[in-house]
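Topology and contacts: notes
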Amino acid sequence: MPVLPVVLIALVLLNGLALLRPRGGALAQAVGTGLLLPLLLVASLPTPPQVRGLLLLIAATAITLMLGWALLAPLWALWAKEGIKASRQSAGIDTTAGVGFVITALALSLGAALLFALRPNPYEYPGDTVDYLNTFQRLTQAGHPPTNCLTNTWRMVTYWRACTLWTTLLEASPLDTTTLLSGLPQRTTIGLEIAVLGLTVFRLLRSSRVGPVAAGLSWVLMVFGLGNQSIAFLVNNALQGSILAAAVFVESALLVVWLVGQRMKPNLQAAALLLGMAPFLYLELKLHGAFALTTLVLLLPLMLLLALRSLTASPGSRLLPRQTAVLLLLGSLALLVLVLGFKTGWPVLKDARPIVRWSFLKGLGIAEANLPSSYLPRSPGSRPELVAVAALLASLGALFLPQAPPETRANGQLPTAFVYREVSSLYGLAVLMAFLVPPFSHLFINLPYEISSNYRLMWGVILFSPLPLLIDSLVGTGGYAPRQARGGRIKTLAGRMVLGLLFILVLIPIPSGSRTYPQRFWSKSRHLLQGPSPRVDLQRLSRALLPSIREAGDGLRRPVVLADELIATALEGYPNQVSPIDPMRIYSRRDPGYSKVNADLRRLPAARMRGRIEAIQPQPDLVIQEQAIAPYYTPYGEINVYDKDGVSHVSQTGVNSIPSDLLQSMGFRVWRNLDAAGRTLPLDEPNPTYRLWRRRGT
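Quick notes on the rules
Residues numbered from 1 in each chain as written. Predicted model: local features only at pLDDT ≥ 70, side-chain atom pairs only at ≥ 80, totals over all residues. Heavy atoms only, no water. Phe/Tyr/Trp six-rings, centres within 6.5 Å; stacked < 30°, edge-to-face > 60°. Helix = DSSP H or I, 4+ residues; strand = E, 2+ residues; numbered from the N terminus. Lys NZ or Arg CZ within 6 Å of the ring centre and 35° of its normal. Expected span 1.5 Å × (residues − 1). Buried < 20%, exposed > 50% of the residue type's maximum accessible area, 1.4 Å probe, protein only. Disulfide = S-S within 2.5 Å. pLDDT = per-residue confidence, 0-100. Contact = heavy atoms within 4.5 Å. Pairing = 2+ DSSP bridges.

Per the stated rule, a full pass over the model turns up 13 aromatic pairs. Plain terms: the ring middles of Tyr-587 and Tyr-642 are 4.8 Å apart, the flat faces sit at 15 degrees to each other, and that makes the pair stacked. Here Tyr-587, found in the loop between strand E6 (579-580) and helix H30 (597-603), pairs with Tyr-642, found in the loop between strand E7 (622-626) and helix H32 (646-652); they are 55 residues apart in sequence, far enough to count as distant. Aromatic rings pair up to connect Phe-249, Tyr-420, Tyr-427 and Phe-464 into one cluster. Over the face of the ring belonging to Tyr-633 we find Arg-526, whose NZ or CZ atom lies 3.6 Å from the ring centre.

Attention now goes to helix H3 (residues 31-43). Its 13 residues place the ends of H3 19 Å apart at the C-alpha level, agreeing with the 18 Å of an ideal helix rising 1.5 Å per residue. Summarising burial for H3: 10 of the 13 residues are buried, a large majority. Looking at H3, one finds that the buried residues are Val-31, Gly-32, Thr-33, Leu-35, Leu-36, Leu-37, Leu-39, Leu-40, Val-42 and Ala-43.

Once that is clear, we can look at the state of the cysteines. A complete count under the given rule lists one disulfide for this structure. Linked covalently through their sulfurs, Cys-149 and Cys-163 form a disulfide whose S-S length is 2.1 Å. Handedness here is read from the sign of the S-S torsion; for Cys-149 and Cys-163, about 100 degrees, the answer is right-handed. One end of the pair, Cys-149, is in helix H8 (residues 149-153); the other, Cys-163, is in the loop between H8 and helix H9 (165-171), with 14 residues separating them in the sequence.

Before going further, it helps to spend a moment on the confidence of the model for the protein. Across the protein, the average pLDDT comes to 87, with 91% of residues at or above 70. Confidence drops under pLDDT 50 across residues 478-487; counting only partners more than four residues distant or on other chains, this segment forms 25 contacts.

In this section: the pairing of E7. Taken residue by residue, a regular strand's side chains alternate between the two faces of the sheet. Here E7 lies mainly inside the structure; five of its five residues are buried. A two-sided burial pattern is seen for E7, the buried positions comprising Leu-622, Ile-624 and Glu-626 on one face and Val-623 and Gln-625 on the other. Bridge analysis of strand E5 (residues 560-562) against E7 gives two bridges, and the strand direction is parallel. By the bridge assignment for E7, Leu-562 is matched with Val-623. In this structure, E7 lies alongside strand E10 (residues 690-695), joined through five bridges in antiparallel fashion. The residue of E10 that forms the bridge with Gln-625 is Arg-691.

Pasting the structure below:
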């Protein structure tokens, strides 16, 4: 039985249970990580490949049952002792607007899951999702490798995309070709991943006393605002495991807010804050590098800022007791020295456009590599997102605008909404420090991965910021969050107009007038709602072509196929069935400098194509030509990385431009004509979508 869907369904169920108990203790804050981290440890064991999948399946089932029992056991005990109604508050179930919040969370999380799972043509060439789809298909067909990469790299403290918990779970989820061609496993995985992220986000917002309407609006902003320029994160990064990594990051933020709000011994609280992030960071390193960065910010420099904020605040607004803050400050400085001394170092030896050295200090005789440096979040080099900018502004406003002192509870604890606002605001400031302020900027610049994408620290600000509280104060829905003094001041028509403007800019694409960067504020709506041409969806392509290719191979061997880069990449995900020649993603009309078949065919006149085709080893059994693809909207043509109409160019050149008489003279004959859905057309059809030429005698 495949392990991955079992794990994802378990995460959905555990998040649903934790949503019912927002104040259920440390376990309720990190229930997803409580499942994934033990699975990572089990997956790292040196077990034989025959038992690895079974062991992971047993572990996932057992851990899920234990976590579910731990969440429900206190509730059942109280029901038996006090009755259902009297025990709700004791069990950590908040009934004030709780039913409405849970219904909202379930409806919007599952609604988003269905939206993306049923979205037409989700695997658009040449986007990153192409690699993730092919990896998904390749690993689920390959089965367990003889050696487990996690066993040999469990001590590695650097993200390695080829060896993650996600890839190990894929290897433990065997699927046959027919099932993969149906697309059901891929779409189910996407839907479950997004449901897990949505429920985790709603857990964070409910525990922080955000009302259901504001939480729903915040989730919409995250769905439509998270990404890279006009490319939506939940579309482009599906099937990679990064959506699970985003959920783990949200849980780590949830735990930080919970720990800050507790009252415990100073040394225990300081140690819990510093050491409690280590399991999350380790798990993120085995899931996705970008969210390992966002989680690292929770350690450095957020803990330092938490300590300084507590030491400088008035006693009634102090997040942490003075002794805890002092211990946390000393621990943060010690951790900073250790990371700089043994991991990243101070000198900045990398060179990237967003890196700006403080060259005005050269007069002091400092070598250029040792100059203090900052990583500027600017467009297009670091592509700040609109929602991230709004979240950062909300963070700075919450920190530096005058605030009314919070009302301390009878047990000495601060209101949860106040703690969430302060911690999330400090997180936004921490991200800016990670970009701009040495030595933290040196730490993040010198990390051995993700230097070209440090702007993805902005993803953390979108997922964890005081913006939901600001929205809650503006919508005025009578939610169960106690109104703060600042919320009362800004709850005006002007504030609502600003909020409405933010939603308009996020949801509606605004033209810029520039051909290089056609959108002004990088809305992702068109990417989410306006799918690409079905001709560039790799799953549709493989479903249309692979049955005929398998038939051509007579089930005895893998046919060697010569096709353009689009078709070759679609077939690359089935290495046990077909051997495509030179699959690759094309970024530019300017062909790559190294020798690839289609690149050479584009440069050669028809008279010289024969020699290049005959030089291919092994010789192709099939040649597939496709009808030209008309230009269509694609967000990948808007970010100045991929050429506009590049796929249309691919479909008209290379192997698609080989004359029919040349193929016939080389021993190929028209074997089959297909339409876009893979249905067989007559051999004399003049304009089939796909024309398959088969070598005589094969």
